[in-house]
Each structure stands twice: as structure tokens, then as C-alpha cells.
Amino acid sequence: MRVLGIETSCDETAVAIVEAPPGFGPVGAILANVVYSQETEHRRFGGVVPEIAARAHLERIDGLVEEALRVSSLGLDDLDAIAATGGPGLIGGVMVGVMAAKALAFARDKPFLAVNHLEGHALTVRLTEPVEFPYLLLLVSGGHCQLLTVRGPGDFTRLGTTIDDAVGECFDKTAKLLGLGFPGGPAVERMARGGNPERFALPRPMWRKPGCDFSFSGLKTAVRLAVEKLDPEDEAARADLCASFQRTVGDVLADRCGNALTAAPSPTLVVAGGVAANLYLRGRLEAVAARHGARLVAPPVKLCTDNGAMIAWAGVERLRLGRTDPLDFKPRPRWPLDAAAAVRV
Ligand code: KG4
Ligand code: ZN
């Protein structure tokens, strides 16, 4: 079974083709995985501009589909289904990807799959690692910070979520305040490497409180106040602030995951989403997992940030269960993984 996946929900235009193993289990093969990052389009604005993103997706999408087919030496008729991110995300971009996928599916009479972007992140680990359901998932990206039990495609229970900002957003904001450019996460991680994590005492919202919710707005404010007092020429102090910030995020994530592993014990803790690319944070999560007799599993760094392979793989997992979508599917700007929990809040 081969599925082509399209991702256009933010600032990456991405297309991939993955092949599923027989049966319902994990570990597929990536036959093509092409990504166009719109960094140059958005850099001078210091963040993603939705209208510019949508137009850039439109300009690139056909070429990237052709490239994925060329790289994999496949034709459209060799595919079993076409998947695209159906939401949540910037709606103009999602519409571009969904329309492209519907057109291909209609033209070649293939099933169409509208994939929840968050489900893409949540299931990607099974594309590369032999992880069985259920598992505990920490989903940390630019727009989300959640702990979930993943029982299978479309079967999620949310244990906690952020009550204000997402952790990736916090990395991006810190980078912006320090003039490190966009996207911020990798820049902060790089700068933190040489820094002293003990230098700045920053607040750890929710730390050691019961439950699995997160909060990052207080930390964001504290970083802003610290940056205002900083000598912009003092590179060492800037590195110390990045290291202190990263350690603080590590403290909070480890504490929350510890609570989740106590409330919903699992042999496997999976971390996914763009922030999962951070190797320091992976180390912290590995340690908390080990303390609870669990193992941390993460997708390869390249598959943590947005890509088409995660959408194609989630498409595989859904197609194997016969869950295809009609061609009148409407893109969804909001689409929680655990709808019942979203209503509870
Ligand atoms: O999953 P993703 O590519 O897009 C969303 O669905 O939001 O996540 C992007 C986020 C950005 O906030 C980016 O700064 C963050 O992931 N990120 C990182 C790292 N690489 C990307 N944060 C911390 N450390 C990194 N190495
Ligand atoms: Zn994402």
C-alpha cells in the first residue's frame, strides 16, 4: 500500500510518498519526502504571514508532487490513496493542499484522505519505530502542547493541554526577543549549547502542581523582562539566557510527563511535533521516562517538524481501517484530537 501525503497547514509545502508494511503494524518505508520551507518569504516579517503562505503553497505544490513522483520513480497509478492535511492550521494553506489532493484523487479515481495535522504528528513515530498502541504522547509544536493517550488512529484521550501559549511559540518568541531570527527553536537550541543554564532563575508555571496541564505565558514575560536588562553585546549572557530558558522548559515538560506517566502508566513515552527536534529536551524526557520504567521514543529529527511523510503515514493508518473521506470534505481551521476534552475546557 502506497499513499501520497500533502502538508500545507503552515509555512512548509511538503509532499511525500510512503509505503506500508502488510497488516496493521508499524514501520513503513519513505519512498519520497520533499519539503519547501518558506523561510525566505516570511523572514522579514518575523513570523508566518497567512496570505503569503497560501500563495507560496499554491506556487509550489504541483512541482513538489511531480518531484515526489520522480524521486520515487512512481506514477500516480502506482498510488493507493492521496492524503492531505485537512486542518487544523492556516486555512488558506490547508485549502491549497486539500484542493490539490482532491483533484489528484478525482482524476485518478483514488481514495482521498483528510488527515488531522495533529494526528500526523501523533502517529509519525510508527513510520520509523516499532511502537505499538497504546502509548503516551507529548505533542509539542508551534501551536500545541498536549499530553495524550494514543490508542489508535482517531482514538485519543487528552490528559492535559496548555492553558495559554504553546511551547514552540515560546521558543520562537525568545528567539525574536534576542534577534536570533525565525524559526526560533533551532536557533535557541544552538545558542543554548555554550550557555550556563543556572544563570537566570525563570518561573516554571504549573511545575509540581497536580495534573498534566501546561502554561507558558509567565515564562514568556519573564524572558522579555530579562532580555530588556541584557547588554545586547554580551554574547555570553545571551547564551546563558537561552540555556536557562531551555532548562526551565525542560523542567516543566519533565514534571508534566512525570504526572502523566503516574496517572496513565505506559511502557512508551513518545514525543512528537517540531519541538521534539530539540535534543536537550529529548534528554530530559528520556530521564523522566526511565524514572517511571518507560522508554522514550521520538521520530527522527527531520520528521519532527512539519513534513508530508507524517500526513502520508497517518493516511496509511486510516486507509488500512477503511476510513476514507468524501470529496466534499471541508478544511477545518480547528480540529481537536480529543473532541470530548476540547468541549470540557
Ligand atoms: O510541528 P511544527 O513544525 O509546526 C507546527 O505544527 O506548529 O513545529 C514548529 C515549532 C516552531 O515553534 C519551532 O520553533 C519549533 O517547532 N522547533 C523547535 C526546534 N525545532 C523546531 N523548538 C525547539 N528546539 C528545536 N530544535
Ligand atoms: Zn506541525
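Residues numbered from 1 in each chain as written. Chains lettered and ligands numbered in written order. Predicted model: local features only at pLDDT ≥ 70, side-chain atom pairs only at ≥ 80, totals over all residues. Heavy atoms only, no water.

**Focus on helix 9 (residues 235–263)**
Helical periodicity: at 3.6 residues per turn, an α-helix aligns residues three or four positions apart in one direction. Applicable threshold: Secondary structure elements follow DSSP: runs of H or I of four or more residues count as helices, runs of E of two or more count as strands, with numbering from the N terminus. Helices are assigned an expected span. That span is 1.5 Å times one less than the residue count. Each residue's exposure class comes from its accessible area (1.4 Å probe, protein chains only) as a fraction of the maximum for that residue type: buried when under 20%, exposed when over 50%, partly exposed otherwise.
End to end, helix 9 covers 42 Å across 29 residues, agreeing with the expected 42 Å (1.5 Å per residue, within 8%). The buried fraction of helix 9 amounts to 24 of the 29 residues, a majority that puts the element mostly inside the structure.

**Considerations on the environment of Gly86**
Basically, it comes down to this: For this analysis, residues touch if any pair of their heavy atoms sits within 4.5 Å.
Locating Gly86 in the fold gives a position in strand 4 (residues 81–87). Under the relative-accessibility criterion, Gly86 is labelled buried at 0%. Residues Gly86 and Gln146, 60 residues apart in the sequence, show an inter-C-alpha distance of 20 Å. Residue contacts for Gly86: discarding those within four places in its chain leaves Val94, Val98, Ala114, Val115, Phe329, Pro331, Arg332 and Trp335.

**Section: the site of ligand 1**
We apply this condition: One heavy atom suffices: a residue is near a molecule or strand as soon as one of its heavy atoms comes within 4 Å of it. As used in this structure description, the phrase polar contact means that two N or O atoms lie within 3.5 Å; if the pair is within protein, one of them must be able to donate a hydrogen and the other to accept it, and residues adjacent in sequence are counted only when both atoms belong to side chains. The protein chains shown are the only cover counted for residues, whose accessible areas, like all others here, come from Shrake-Rupley with a 1.4 Å probe.
In the neighbourhood of ligand 1, 19 residues make up the surrounding shell, with Gly142, Asp172, Gly185, Glu189 and Asp306 lying closest. A distance of 2.8 Å separates an oxygen atom of ligand 1 from a polar backbone atom of Gly142. In isolation ligand 1 has 550 Å² of accessible area, and contact with the protein removes 89% of it. Among the elements of the structure, helix 4 (117–123), helix 6 (167–177) and helix 7 (184–192) are those that each provide at least two residues to the shell around ligand 1.

**Some thoughts on unusual backbone geometry**
Here Gly87 and Pro88 are connected by a cis peptide whose omega angle stands at -10°. Following the sequence through the fold, Pro88 ends up in the loop between strand 4 and helix 3 (91–108). For the bond running from Phe133 to Pro134, omega is -5°, close enough to zero to count as cis. Considering the arrangement of structural elements, one finds Pro134 in the loop between helix 5 (125–128) and strand 6 (135–140).

**Considerations on helix 3**
Spanning 18 residues, helix 3 covers 26 Å between terminal C-alpha atoms, matching the ideal 26 Å at 1.5 Å per step. Within helix 3, the full set of buried residues consists of Gly93, Val94, Val96, Gly97, Val98, Ala100, Ala101, Lys102, Leu104 and Ala105. Buried residues belonging to helix 3 abut strand 1 (2–7), helix 2 (50–72), strand 4 and strand 5 (112–116). Among the residues trailing helix 3, Asp109 stands out with phi positive, at a value near 55°.

**As for the coordination of the zinc ion (ligand 2)**
Put simply, the test is: Only nitrogen, oxygen and sulfur atoms within 2.8 Å of the metal, or 3.2 Å for Na, K and Ca, are treated as donors, and water is left out, so sites may look incomplete.
Around the zinc ion (ligand 2), the donor atoms from the protein are His117 (NE2), His121 (NE2) and Asp306 (OD), and they sit 2.0 to 2.1 Å away. One chain supplies every donor to the zinc ion (ligand 2), and in sequence these donors are spaced H-x3-H-x184-D. Of this pair, His117 and His121 both sit in helix 4, separated by 4 residues, roughly a single helical turn. Both residues of the pair, His117 and His121, count as buried.

**Comments concerning the packing of helix 6 against helix 9**
What counts, and what does not: Axis definition: a line fit to C-alpha positions, over the contact stretch in the case of helices; interaxial angles, taken between N-to-C directions, run 0 to 180 degrees. Orientation categories follow fixed angle ranges, with anything under 35 degrees roughly parallel, anything over 145 roughly antiparallel, 65 to 115 roughly perpendicular, and all other angles oblique. The classification used treats Ala, Val, Leu, Ile, Met, Phe, Trp, Tyr, Cys and Pro as nonpolar, Asp, Glu, Lys and Arg as charged, and all other residues, Gly among them, as polar.
The N-to-C vectors of helix 6 and helix 9 enclose an angle of 170°; their axes lie 11 Å apart at closest approach. Taken together, the axes of helix 6 and helix 9 lie roughly antiparallel to each other. Across from Val167, Cys170, Phe171 and Thr174 in helix 6, the residues of helix 9 making contact are Phe245, Gln246 and Val249. Here the residues of the contact of helix 6 with helix 9 sort into 5 nonpolar, 2 polar and no charged.

**Regarding the domain arrangement of the protein chain**
A common way to state how big an interface is: give the accessible area lost once the parts meet. As a reminder of what qualifies: Throughout, the edges of the domains are those of an automatic or database domain assignment. Joining two parts hides part of their accessible area as seen by a 1.4 Å probe, and the buried area is that hidden amount summed over both. Counted as salt bridges are all cases of a side-chain nitrogen of Lys or Arg within 4 Å of a carboxyl oxygen of Asp or Glu.
According to the domain assignment, the protein chain contains domain 1 (2–127 + 303–336) and domain 2 (134–298). In this assembly, 22 residues from domain 1 lie in contact with 20 residues from domain 2. Interface area for domain 1 against domain 2, summed over the two sides, is near 1,600 Å², with a carbon-plus-sulfur share of 72%. A per-residue breakdown of the area domain 1 buries against domain 2 is headed by Leu118, Val125 and Cys304, which together make up 32% of the total. Remark: the boundary between domain 1 and domain 2 carries 0 salt bridges.

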